Amino acid sequence: MTDENYGFIKKCYIVLLVVLAFSAAAGGIYYVNKYNYSADIKSYLDSFLQSAGNGMNCRSIMVKAIKSNMLTFAVLLCAILFRFGGIVMCAELIRRGFITGFTSAAMMYIYGGKGLVMAVCQLPGMLLLIPAAAVFAAVNTALSLRHIQTEKKFIILYIFFAAAVAATFCAAAFCEGYLTTTFMKWLLTASA
């Protein structure tokens, strides 16, 4: 790859991180404007916290997170087959960012300071998932727009890169299943 290719990927990466940030903010704003007094969301979060206090099935949470992360991985991977796959990748990152922002805003709005700490409990997984998804989408956007020549050497390198991203997505799911739930359980026992 040339310096021009790296420069293009870097620009895509920055744009996608900004898109993720704006979509998370949009998710938070949407919650505040539409659902700020929703009893359904409060009862859902209350039942989630109650099950966290009683001991969650961390493995099932991890498996659900792996399924969700692999869906995102598959969308980002398959989008390279289309000339305008960058739009599909951007839409998937917007969806993930919106959900994260909505959930965090709901926790903070309903539980105040405790909700803020609960949102922070999600950080270990997010610190793995967000950069990996953005860099994978940036490289795939360059591929879909044919900014990178796909030689045999590059294809082999790309396969290892995609495998590393998939492993990072699985590590983020592990964090969500085990670390986030452990932190939330500690938070609940400390505030009880």
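The structure under discussion appears in the preceding block.
Residues numbered from 1 in each chain as written. Predicted model: local features only at pLDDT ≥ 70, side-chain atom pairs only at ≥ 80, totals over all residues. Heavy atoms only, no water.

This paragraph deals with the state of the cysteines. With the rule as written, the count across this model stands at zero disulfides. Free cysteine: C12, not disulfide-bonded; nearest cysteine sulfur from C90 at 9.9 Å. For C12, a relative accessible area of 13% puts it in the buried group. Looking at the unpaired C58, the closest cysteine sulfur is the one in C175, lying at 12 Å. (Disulfide = S-S within 2.5 Å. Buried < 20%, exposed > 50% of the residue type's maximum accessible area, 1.4 Å probe, protein only.)

With respect to the helices, strands and loops of the structure, I9 is situated in helix α1 (residues 3–34). Relative accessible area serves as the criterion here: at 8%, I9 is assigned to the buried category. Counting along the chain gives 178 residues from I9 to L187, while the straight-line C-alpha distance between them is 40 Å. (Helix = DSSP H or I, 4+ residues; strand = E, 2+ residues; numbered from the N terminus.)

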